[in-house]
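# Secondary and tertiary structure notes
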Amino acid sequence: MTDREPDGMSAEPDDRRSDSLIRLSEFRTLWAAFAQSVLGDQLARVALSLLVFERTESAGWTAATYALTSLPALLSGVLLTGLADRFPRRTVMIGCDLVRAVLVGLMALPGTPLPLLAGLLVLAQLAEAPFGASQGALMPAVLGERLYERGQRVIMITHQAGQLVGFAVGGVLVVWLGSHVSLGLNAATFLISAVLIRLGVKARPVDASAGARPKRVHTQISSAAALIWADPRLRSLVALGWLAGFIVLPEGLAAPFAEEAGASAASVGLLLAAHPTGMVLGAALLGRASVGDERRRRLLGPLAVGANLPLLVYWAGPGVGIALLVLMVSGICSAYQITAGATFVLLTPAGQRGQALGLARSGLTAVQGIGVAAGGLAAQLSGSSAVTIGGAGLVGTLCAIMVAFSWARARETGAGTIPLSA
């Protein structure tokens with residue numbers, strides 16, 4: 001059985017006449033698979049950190065292992081997301097889930113040597129990018145253009161809430177269950193996800209244009225890059241997303257900032273939770289029917305500026321209370337990322353969405369990593385995390401202003417050949 005994107009997204013099943021996402025069985029299935037996987041992933045991150053620290057008593061090895069839960073996606077985001085365009089997307093998702101279930105299951109076995117554990121972790125994380133690209137490219141076919149952004153908003157809220165819950169209770173559960181059992185539960189979530197997708201998502205053949213596209217990986221990558229570069233709207237949307245490289249810095253410097261502010265170690269958790277909490281609130285506010293799709297798109301630039309501008313307050317050396325408020329406001333404005341991402345997908349031809357999403361997301365991962373690393377070095381040299389965050393806010397605001405003007409011009413001129421429905 002194969003997957004195929006419909007030639008257009010205007011023909012929708014009768015139950016899509018309602019604006020209620022819960023009525024769409026395929027979306028319910030995708031959401032359920034995603035939600036339980038997010039919780040399992042967070043549990044696994046805590047379990048791996050504790051397991052490695054127990055064996056090595058090394059903070060360096062523990063941090064390196066935690067980094068391996070995300071860094072491999074940078075490579076696979078470029079090289080493997082094209083699978084979402086060359087093969088049926090449901091099939092790619094199921095295959096990635098089964099691969100991860102097996103690999104994480106092997107990691108859960110007691111006595112697994114640390115080098116083998118690290119290798120299995122890298123292989124498992126390589127499957128994350130093609131799964132995410134397939135899911136993102138499949139969602140417009142499941143929801144149609146009218147409901148697509150709303151569905152992405154629900155997915156984002158679920159992701160942020162899952163992270164908050166996972167970090168809040170993950171440590172307690174891992175201590176209670178043990179690291180190996182916790183990893184076993186994560187493996188089970190991938191297996192459950194594969195079963196749910198197999199039973200609850202329709203089979204669609206590969207997009208009809210796939211046969212006309214080059215099969216070589218490097219050619220497919222260059223074709224997607226050229227597509228993004230050729231359309232000013234796609235370029236601007238990618239730039240809007242990559243501004244997260246500035247916004248993520250307070251998370252990377254949360255611990256040293258709390259120490260500088262004279263706060264307790266417990267405040268670090270609050271600082272880490274403030275921004276995602278704000279994003280959930282912002283997603284709810286922007287998702288109101290009274291806002292409308294076109295207004296959300298017009299607000300992309302101002303909100304991008306608003307996500308960076310509050311960080312300037314750090315220059316004044318605020319206490320933790322003020323910092324929490326600043327991060328909350330930044331998070332509320334950062335909810336623009338949902339609209340930017342959804343618009344990017346709808347502007348991209350269905351047959352190239354997987355590879356294009358992979359490039360955009362890999363770039364996002366890269367700029368976030370570079371942002372945190374550069375911020376850490378700057379804080380070390382300056383001796384002040386607050387000043388470093390404030391500086392990032394200034395540079396981020398200036399960049400956001402330029403990108404906002406670029407997006408406004410691209411929308412006004414309607415550049416490119418891909419129509420954007422209202």
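Scroll up for the structure.
Below: a short report on this structure. Source: prediction; values computed, not measured.

On to the packing of helix α16 (residues 300-308) against helix α18 (residues 336-347). It is the contact of α16 with α18, at a shortest axis distance of 9 Å, that shows an interaxial angle of 135 degrees. Classified by the angle between their axes, α16 and α18 sit oblique to one another. For α16 against α18, the interelement crossing comes out left-handed. Residue-level inspection shows L300, L303, A304 and A307 of α16 in contact with α18, the latter providing Y336, T339 and A340. In terms of residue class, the contact of α16 with α18 is made up of six nonpolar, one polar and no charged.

The next point concerns the packing of α18 against helix α19 (residues 353-382). It is the contact of α18 with α19, at a shortest axis distance of 10 Å, that shows an interaxial angle of 145 degrees. Here the hand of the crossing between α18 and α19 comes out right-handed. In contact with F344, V345 and L346 of α18, α19 contributes R353, A356, L357 and A360. Residues that form the contact of α18 with α19 fall into these classes: six nonpolar, no polar and one charged.

With that settled, consider a nonpolar patch on the surface. On the surface, W315, V387, L394, V395, L398, I401 and F405 cluster together into a nonpolar patch covering about 630 Å² of accessible area. Mapped onto the elements of the fold, L394 is located in helix α20 (residues 385-413).

On the secondary structure map, V99 appears in helix α5 (residues 89-107). On the basis of relative accessible area, V99 is assigned to the partly exposed category, the value being 42%. Considered as a pair, V99 and L123 are 24 residues apart in the sequence and their alpha carbons are 8.9 Å apart.

Procedures and definitions
- Residues numbered from 1 in each chain as written.
- Predicted model: local features only at pLDDT ≥ 70, side-chain atom pairs only at ≥ 80, totals over all residues.
- Heavy atoms only, no water.
- Axes fitted to C-alpha atoms, helices over the stretch in contact; angles between N-to-C directions.
- Helix = DSSP H or I, 4+ residues; strand = E, 2+ residues; numbered from the N terminus.
- Parallel < 35°, antiparallel > 145°, perpendicular 65-115°, else oblique.
- Left-handed = near helix turned anticlockwise from the far one by under 90°.
- Contact = heavy atoms within 4.5 Å.
- Nonpolar A, V, L, I, M, F, W, Y, C, P; charged D, E, K, R; others polar.
- Patch = residues over 30% accessible without salt bridge, like charges linked within 9 Å, V, L, I, M, F, W, Y side chains within 5 Å.
- Areas by Shrake-Rupley, 256 points an atom, 1.4 Å probe, with all protein chains shown as cover.
- Salt bridge = Lys/Arg side-chain N within 4 Å of Asp/Glu carboxyl O.
- Buried < 20%, exposed > 50% of the residue type's maximum accessible area, 1.4 Å probe, protein only.

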